[in-house]
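If you want the building blocks of each chain, they are given just below.
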Amino acid sequence: MSGVWAPFAEFLFLRRALVGSAILAVSMAPLGTLLILRRMSLVGDAMAHAVLPGAVAGFLLAGLSVWAMALGGFVAAITVALLAALISRRTREYEDASFAALYLIALAIGVIGVAASGGRVDLAHLLFGSVLAVDNDGLFLAALVATCTWLGLALLYRPLVVATLQAGFFDGTRTATLVHVAFTSLVVMNLVAGFQVLGTLMAVGLLILPAAAARQWATRLESLIGLSALIGLAAAIAGLVLSYQMDLPSGPSIVLCAGLAYLLSVLASTLRIRNGRDHG
Amino acid sequence: MTSRRLILATLLATLAPPTPAAAAEPPLRVVASFSILADIARNVGGDRVVVTALVGPDADAHVYDPRPSDIATLARADVLLTNGLGFEGWMDRLVGSSGFRGRRVVAAAGIEPLPADGHDDPHAWQDPRIVERYVNRISAALAAIRPADAASFAVNAERYRRELRALDAEIRRAVDTLPPERRRFVTSHDAFGYFARRYGFTILAPQGWSTDDEASARDVAALIRQLKAGSVRAVFIENMTDPRLIERIAAEGGATVGGRLYSDALAQPGEPAGTYLGMMRHNLATLLAALRGP
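What counts, and at which threshold
Residues numbered from 1 in each chain as written. Chains lettered and ligands numbered in written order. Predicted model: local features only at pLDDT ≥ 70, side-chain atom pairs only at ≥ 80, totals over all residues. Helix = DSSP H or I, 4+ residues; strand = E, 2+ residues; numbered from the N terminus. Buried ≥ 20, exposed ≤ 12 C-beta atoms within 10 Å, placed from the backbone. Contact = placed C-beta atoms within 7 Å. Pairing = 2+ DSSP bridges. Expected span 1.5 Å × (residues − 1). Bend = angle between axes of the 7 residues up to and from the residue. Axes fitted to C-alpha atoms, helices over the stretch in contact; angles between N-to-C directions. Parallel < 35°, antiparallel > 145°, perpendicular 65-115°, else oblique. Nonpolar A, V, L, I, M, F, W, Y, C, P; charged D, E, K, R; others polar. pLDDT = per-residue confidence, 0-100. Core = buried A, V, L, I, M, F, W, Y, C linked by C-beta atoms within 7 Å. Domains from an automatic or database assignment. Left-handed = near helix turned anticlockwise from the far one by under 90°.

1. Thoughts on the overall build of chain B
Scanning chain B for helices and strands turns up 10 helices and 10 strands. Taken over 294 residues, chain B has a buried fraction of 44%.

Okay, here's the thing in structure tokens:
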């Protein structure tokens, strides 16, 4: 056990990486759970891609500033999310289709922005992040976002749960719209913070995988959220240790560990169902 | 009609400069794969060539993505100048799709490459003496294609070789003032192998030779241990990879972040590191300032 902690004790950069991904795991757990229950898992992925053009614009205007890139990414992704909702309402198009269409447009603009920067933006770093390079600003941003997330959820919990578990209850009311916009903003904020730590693609892994794994073990919403936070934390620790011991890139290692937790949970749950049938 | 054509012809004849027939040929169109090679080619070709770089200043040749205008430029070119040693892995496909039918010149052909991670280290231009051989190869190739300008290419090449030898002597004199135990540094991109061999430096890198590799936690940890052990005094940020990782490593390892070293791309034209000679002098000054220390 001491072997697991020794590198964290020796190296500040590992402790920072751990704190950054732990904050994200705790902050993303309730949102990931609600996304899955609302059947919006892939929408999370789409919004993560939509962060890219805004982050690139922030970089081009203000350089490698965490805050400029975060603000740009937030504006771009929220625009995509709201436009997608608007289009699906106005045209009777399925929301996932308008989301897919808009995030692809956003992604293309982002890649063109990267090209226009003449190589000053490294696309691989934006997409896959550098969890080992988290600086103070990145940590502050993650902590700020986590605080907003839990405060926002405390305020919105009841209407959000009703809207999630009893689809159609609020439909068409102003409450439904308000709750949807607030929830979407929280998801986007988390993706923006996650993008600073893990990169746009890997951040979705920490959002969805722990929540999907928790679904195989629990049914009550509170247990789902708690369990998915724990799984996310465990994946962050295990991923960093794996990266250190096996000499692997760190962000993907964390997501791989969360993915492993998901696969094991699915396996355990199918075995449980089969055993249940045998006994019954 | 005829009279108008006659007037036009007369006008054109008076506009054309009164030079020997050979020089009336248009300058050779040379496409170089990246900015450093383009600068060397301009020095050799002078006003008898028009040089275009595919990967321009401050851009990364490892992850180059061709634009349609690049392919059009290449299709019209007389000469394609590449470094070789696997530096332009994307070039064969680009040549194939452009329909380029000119002459290919590989500047680093015939040099003995340094090994790097199981393949050849392509960054041979970091040694000015090797660049002299680039110059020989380029001027011979240009002269073979355009014999009429051969004399002019030879004069330019000789002048540039003298400048390269002066640069080499200048770097050696400056490095001699540095105690051997201080000739160690860390950079985010190990492109300085040839430079290190020529001038007796030891280089440590947190990443592999290509900028798209992501460092693992173990690589970073090993590097911080080295810095903490006190054997390395300075860390340099190279002009295109993520500087945040380097800053964290330097902060935790107690080294100084020594500024910017140029490796694969020149700075914008007009800046001190905007030419090959300027880039090498900029790198030397930056290195010395950080390694001399207090």
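2. A closer look at the overall build of chain A
If you tally the helices and strands in chain A, you get 11 helices and zero strands. Secondary structure elements in chain A, listed N-terminal to C-terminal, are α-α-α-α-α-α-α-α-α-α-α. Sorting the 280 residues of chain A into buried and exposed places 50% on the buried side. Residue pairs in contact within chain A that sit at least 24 positions apart in sequence constitute 73% of those at least 6 positions apart.

3. Some details on the environment of Gln126(B)
Residue and element names in this part refer to chain B. Within the fold, Gln-126 resides in the loop between β6 (119-120) and α5 (128-145). Classification of Gln-126 as buried rests on a count of 25 C-beta atoms within 10 Å. In this structure the C-alpha to C-alpha distance between Gln-126 and Phe-195, which are 69 residues apart in sequence, comes to 5.1 Å.

4. Comments concerning the environment of Ala146(A)
All names here are of chain A. By the secondary structure assignment, Ala-146 is in helix α7 (residues 136-165). Separated by 47 residues in sequence, Ala-146 and Ala-193 have C-alpha atoms that sit 9.0 Å apart. Excluding residues within four positions of it along the chain, Ala-146 makes contact with Ile-23, Val-26 and Ser-27.

5. Here we look at the pairing of strand β3 (residues 79-82) of chain B
It is a general feature of regular strands that their side chains alternate between the two faces of the sheet. Residue and element names in this part refer to chain B. Burial along β3 is two-sided: Val-79 and Leu-81 facing one way and Leu-80 and Thr-82 facing the other are all buried. Where strand β1 (residues 28-34) and β3 come together, three bridges link them in parallel fashion. Residue pairing for β3: Val-31 is matched across the bridge by Leu-80. Note: β3 against strand β4 (residues 103-106), four bridges, orientation parallel.

6. Notes on helix α2 (residues 12-37) of chain A
All names here are of chain A. Compared with the 38 Å implied by 1.5 Å per residue over 26 residues, the 37 Å span of α2 between its first and last C-alpha is a close match. At Met-28, α2 is bent by approximately 40 degrees, the largest bend along its length, and proline Pro-30 sits one to four residues beyond. Arg-39 occupies a position one or two residues after α2 and carries a positive phi of about 55 degrees.

7. Description of the packing of helix α4 (residues 66-91) of chain A against α7(A)
Residue and element names in this part refer to chain A. Orientation of α4 relative to α7, taken along the N-to-C sense of each, is 40 degrees, at an axis distance of 9 Å. In terms of orientation, α4 and α7 fall into the oblique class. On α7, the residues that touch Val-66, Trp-67 and Ala-70 of α4 are Asp-137, Gly-138 and Leu-141. In terms of residue class, the contact of α4 with α7 is made up of four nonpolar, one polar and one charged.

8. Observations regarding the sheet that holds strand β2 (residues 49-55) of chain B
Residues and elements named next belong to chain B. If you walk across this open sheet you meet the four strands as β2-β1-β3-β4, and the pairing is parallel. Both edges of this open sheet fall to β2 and β4, since each of them pairs with a single strand only. The mean inter-strand angle of the sheet, taken between neighbouring strand axes irrespective of direction, is 25 degrees. Bridge analysis of β1 against β2 gives six bridges, and the strand direction is parallel. Bridging from a neighbouring strand, Arg-29 pairs with Val-50 of β2. Seen against the sheet, helix α2 (residues 35-45) touches β1, β2 and β3 and runs at an angle of roughly 150 degrees to β1. In the packing of helix α3 (residues 68-76) onto the sheet, the strands contacted are β1, β2 and β3, and the crossing angle to β1 comes to about 135 degrees.

9. Considering the confidence of the model for chain B
All names here are of chain B. On average, residues of chain B score 84 in pLDDT, and 84% of them reach the 70 mark or higher. Throughout residues 17-22 the model reports pLDDT below 50, and contacts reaching past four residues in sequence, or to other chains, amount to two contacts. Reported confidences for the modelled complex are a pTM of 0.68 and an ipTM of 0.72.

10. Topic: helix α3 (residues 41-62) of chain A
Its 22 residues place the ends of α3(A) 32 Å apart at the C-alpha level, agreeing with the 32 Å of an ideal helix rising 1.5 Å per residue. With 17 of 22 residues buried, α3(A) is to be regarded as a mostly interior element.

11. Notes on the nonpolar core
Formed by 169 residues in total, the largest nonpolar core has its most connected members in Met47(A), Ala77(A), Leu206(A), Ala41(B), Leu81(B) and Ile138(B). With 14 residues, α2(A) is the largest single contributor of residues to this core. Here this core spans two domains, since at least three of its residues come from each of domain 1 (26-171) and domain 2 (178-292) of chain B.

12. With respect to unusual backbone geometry
Residues and elements named next belong to chain B. In this structure, Asp-58 takes a positive phi of about 60 degrees despite not being glycine. Relative to the helices and strands, Asp-58 resides in the loop between β2 and α3. We note that Leu-85 has phi near 55 degrees; this positive angle belongs to a residue other than glycine. Assignment of secondary structure puts Leu-85 in the loop between β3 and α4 (91-98).

13. What about the packing of α7(A) against helix α8 (residues 174-198) of chain A?
Residue and element names in this part refer to chain A. Orientation of α7 relative to α8, taken along the N-to-C sense of each, is 155 degrees, at an axis distance of 9 Å. Between α7 and α8, the angle is such that the two are roughly antiparallel. Every pair of crossing elements has a handedness; the one defined by α7 and α8 is left-handed. Each of Gly-138, Leu-141, Ala-142, Val-145, Cys-148, Thr-149, Gly-152, Leu-156, Pro-159, Leu-160 and Ala-163 in α7 lies in contact with α8, whose residues at this interface are Thr-175, Ala-176, Val-179, Ala-182, Phe-183, Leu-186, Met-189, Asn-190, Ala-193, Gln-196 and Val-197. A per-class count over the contact of α7 with α8 returns 16 nonpolar, six polar and no charged.

14. Brief notes about the environment of Phe185(B)
All names here are of chain B. Looking at where Phe-185 falls in the secondary structure, it is placed in strand β7 (residues 184-187). Note on Phe-185: 23 C-beta atoms within 10 Å, which makes it buried. Residues Phe-185 and Phe-236 lie 51 residues apart in sequence; the distance between their C-alpha atoms is 7.5 Å. If we ignore the near neighbours within four places in the chain, the residues touching Phe-185 are Phe-201, Ile-203, Val-232, Ala-234, Phe-236, Leu-287 and Leu-291.

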